[in-house]
Amino acid sequence: MKSLSTIIKREFLSYFATPLAFVFILVFLVLSSAFTFYLGQFYERGQADLLPFFNFHPWLYLFLIPSVSMRLWSEERKTGSIELLLTLPITLWDAILGKFLAAWALIGLALAGTFPIWLTVNYLGQPDNGAIAAGYMGSWLMAGAFLAVGCCMSALTKNQIIAFILTGITCLTLVLAGFPMVLNFFEGWVPSLILDLIAGLSIIAHFIAISKGVLALTDVVYFVAMILLWLYLTHLALVAKAAD
Amino acid sequence: MIQVSHLVKRFGSFTAVNDMSFEVEAGTVLGFLGPNGAGKSTTMKMITGFSRPTSGQVSVHGHDIVDDRQAAQARLGYLPEGAPCYEDMTVQGFLAFIADIRGCRGGQRDRSIDRVTETVSLREVLGQRIETLSKGYKRRVGLAQALLHDPDVLILDEPTDGLDPNQKHQVREMILNLSEQKIVIISTHILEEVSAVCSRALIINQGRIVLDDTPDGLRKRAKDHQAIRLRVMDVDPSQILEVCETLPSVDRVEISGKDGDLLIFPKPGSVELLAELQQLLSAKAWQVARLQQLEGQLDEVFRRVTMGDAP
Ligand SMILES: Nc1ncnc2c1ncn2[C@@H]1O[C@H](COP(=O)(O)OP(=O)(O)O)[C@@H](O)[C@H]1O
Ligand SMILES: [Mg+2]
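Residues numbered from 1 in each chain as written. Chains lettered and ligands numbered in written order. Predicted model: local features only at pLDDT ≥ 70, side-chain atom pairs only at ≥ 80, totals over all residues. Heavy atoms only, no water.

(A) Seen up close, the nonpolar core. Core analysis: the biggest nonpolar cluster contains 122 residues, and Trp-73, Phe-146 and Phe-223 of chain A together with Val-91, Phe-94 and Ile-175 of chain B have the highest contact counts within it. Here this core takes 14 residues from helix α9 (residues 129–156) of chain A, the largest share from any one element. Not counting residues within four places of it along the chain, the set of residues in contact with Phe-223 of chain A comprises Leu-141, Met-142, Ala-145, Ile-203, His-206, Phe-207 and Ile-210 of chain A. Counting residues in hydrophobic clusters, the runner-up holds 25 residues, among them Met-20, Met-44, Tyr-78 and Leu-202 of chain B. (Core = buried A, V, L, I, M, F, W, Y, C linked by side-chain atoms within 4.5 Å. Buried < 20%, exposed > 50% of the residue type's maximum accessible area, 1.4 Å probe, protein only. Helix = DSSP H or I, 4+ residues; strand = E, 2+ residues; numbered from the N terminus. Contact = heavy atoms within 4.5 Å.)

(B) Broad picture of the sheet that holds strand β8 (residues 183–188) of chain B. Residues and elements named next belong to chain B. Taken in spatial order, the 6 strands of this open sheet run β6-β7-β8-β3-β9-β10, and their pairing is mixed. In the strand order of this sheet, the two ends are held by β6 (76–79) and β10 (208–213), each with one partner. Neighbour-to-neighbour, the strand axes of this sheet turn through a mean angle of 15°, independent of strand direction. Here 5 bridges tie strand β9 (residues 200–205) to β10, and the two strands are oriented antiparallel to one another. Residue pairing for β10: Ile-204 is matched across the bridge by Ile-209. (Pairing = 2+ DSSP bridges. Axes fitted to C-alpha atoms, helices over the stretch in contact; angles between N-to-C directions.)

(C) A look at the sheet that holds strand β12 (residues 250–255) of chain B. Residues and elements named next belong to chain B. In space, the 4 strands of this open sheet follow the order β12-β13-β11-β14, with antiparallel pairing throughout. With partners counted over all chains shown, the strands left at the sheet margins are β12 and β14 (288–293), one partner each. Here the average twist between neighbouring strands, direction ignored, is 20°. Inspection of the sheet shows β12 paired to strand β13 (residues 262–266) by 5 bridges, in the antiparallel sense. Each bridged residue has a counterpart across the sheet, and for Glu-254 the counterpart in β13 is Leu-263. Helix-sheet contacts for helix α9 (residues 237–244) involve β11 (228–232), β12 and β13, and the interaxial angle to β12 is about 175°.

(D) Local environment of the interface of chain A and chain B. Between chain A and chain B, the residue contacts involve 27 residues of the former and 26 residues of the latter. Counting each side, the surface lost to burial between chain A and chain B is near 2400 Å², with a carbon and sulfur contribution of 64%. If you sort the residues of chain A by the area they bury against chain B, Arg-10, Glu-83 and Leu-84 of chain A come out on top, with a joint share of 27%. Inspection of the chain A/chain B interface yields 1 salt bridge. A salt bridge links Lys-45 of chain B to Glu-83 of chain A; the shortest N-O distance between them is 3.8 Å. (Buried area = accessible area lost by both parts, 1.4 Å probe. Salt bridge = Lys/Arg side-chain N within 4 Å of Asp/Glu carboxyl O.)

(E) Here's a closer look at the site of ligand 1. In the vicinity of ligand 1 there are 13 residues, among which Gly-37, Gly-39, Lys-40, Ser-41 and Thr-42 of chain B approach most closely. Mapping the residues adjacent to ligand 1 onto the chains of the assembly identifies chains A and B. Contact between ligand 1 and Ser-41 of chain B: an oxygen atom at 2.7 Å from a side-chain N or O atom of the residue. Between Thr-42 of chain B and ligand 1, the recorded distance is 2.5 Å, taken from a side-chain N or O atom to an oxygen atom. Contact with the protein chains covers 67% of the free accessible surface of ligand 1, which is 560 Å². Listing elements by their share of the shell around ligand 1, those giving two or more residues are β2 (14–24) and α1 (40–47) of chain B. Sorting elements by how many residues they give to the shell around ligand 1 places α1 of chain B first, with 3 residues. Here the shell around ligand 1 is built from residues that sort into 6 nonpolar, 5 polar and 2 charged. (Near = heavy atom within 4 Å. Polar contact = N/O pair within 3.5 Å; in protein donor to acceptor, adjacent residues only side chain to side chain. Areas by Shrake-Rupley, 256 points an atom, 1.4 Å probe, with all protein chains shown as cover. Nonpolar A, V, L, I, M, F, W, Y, C, P; charged D, E, K, R; others polar.)

(F) Broad picture of unusual backbone geometry. Residues and elements named next belong to chain B. The phi torsion at Ala-83 lies on the positive side, around 50°, for a residue other than glycine. Its identity is not glycine, yet Ala-285 carries a phi of approximately 55°, on the positive side. Along the chain, Ala-285 turns up in the loop between α10 (273–284) and β14.

(G) Inspection of helix α1 (residues 2–17) of chain A at higher detail. Here α1 of chain A spans 23 Å end to end across 16 residues, near enough to the 22 Å set by a 1.5 Å rise per residue. For α1 of chain A, the full list of buried residues reads Ser-3, Leu-4, Thr-6, Ile-7, Arg-10, Glu-11, Ser-14 and Tyr-15 of chain A. (Expected span 1.5 Å × (residues − 1).)

(H) Just the packing of helix α5 (residues 71–79) of chain A against helix α7 (residues 92–112) of chain A, in detail. Residues and elements named next belong to chain A. Relative orientation of the contacting elements α5 and α7 amounts to 125°, with a least axis distance of 11 Å. For the element pair α5 / α7, the angle class is oblique. Counted together, Leu-72, Trp-73 and Glu-76 of α5 and Ala-95, Ile-96, Lys-99 and Ala-103 of α7 form the full contact between these two elements. Of the residues in the contact of α5 with α7, the class split is 5 nonpolar, no polar and 2 charged. (Parallel < 35°, antiparallel > 145°, perpendicular 65-115°, else oblique.)

Function cannot be inferred from these measures alone, as they are strictly geometric.
Take a look at the structure:
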């Protein structure tokens, strides 16, 4: 536990040693506001909720999360500092979880920075603040799933750009899997069990309800399972490739 | 004690470390000597638990590096090749992080950091970010983190590579000043380093140990060990050569290319060479300009054992 918290602390502070954290939070705030107010027709809808805000999060995360996750392991492997880290008396899980949790906390911080939007809806109307809290929670969980994919891709390569692209593609696939056009493509020639599986694995399918403010247990379990699965794959990737 | 037995590391079909076995006792400064690509770093990565052996065992003070990795690593200090570290941290912040992970807390942590910054002279840059430091200072930061928990075993991969002569000297002094009870393994391809700091040297070539000896022992294997270099004033070297060849202890005589000195090689086992030569010189009343008994060139031994043919 002590090692884990030490690693989280180092990783988290390292985001603030460079402009990375500030740039990330700034871009996140600008884009999420722009999406919400311009594309999402926040005012025009005349509804006091944050649906347009949360609706854009999967797309926002699609390129913002890889930009955070790409360096997690690639950079350590590139500079060789991974050799230092993994010869300290810690477990590999300490290192994996420490990096993941620190990055997740950064994303949480960026998400928390959007509170003026929440203040705005409360000023304009009487929103269901429970639903909004559920939306935030769900968005953060979804970010965690994207991030875990990013961890794994970053562990696979020394090249951050490749890690970025692989993460983007994998997450896009996971998002699109639930869209009708993708499902229609499979419909008819793929057994319905597999079809359900593809749809069930989709990030979108699990986020739609959440963005509307319904935080169902199955959706929470889905995101937590996604995180654990991809972190486990990260572990496998590092055992196989860390010393290459 | 470190025990390495039948250690093998393969990358695909390439064998980087090929069945290495050796033991190191406390109080030894062991040099890994070998050409680039010999397998020194790969061996160190396995000893420190970073890279998993393809087969074979390593144990550090009785802790197996695979099955009991953390216990072994707790007793190790390691400077990886090129001294990588977290360059966006300050020296102070970085050392504090290592101390935390190593379990040095509170006052003990401050004392440890104090001690190593003293040992490797880092005090004036403690607040500076590592990426702004010169190569010599970065190397010292790497050494400092390896020494922080005062480990029994230090593994240093090319600790002086890329440093200027003064910095090299400092690092060697530091290694010599470490406690007598430690095990230090350093890798290098610089031969003088072995004579300067090591009490034992393994010459490694193509993943195998080709020689295991003390630096003196290695020198004794040189072809010119105990040969005598001679220069006489105003006498033709070929004339001296002829006379010297008749001495009973002389095996053969060469004229050394560059400066016309004579290299006189003794017969194996003979110890009379110097005395015989002195008699000869005074009998002929030759004026000696130079007379030197050679210790043996390490680089000659090194080249011989790492260029293919067996010693
Ligand atoms: N991760 C790796 N993948 C493939 N080959 C490697 C890897 N690491 C080292 N090697 C090869 O193993 C050999 C030994 O390398 P190394 O131990 O670094 O040599 P040294 O430190 O003695 O210079 C080299 O030929 C090197 O190319
Ligand atoms: Mg090397």
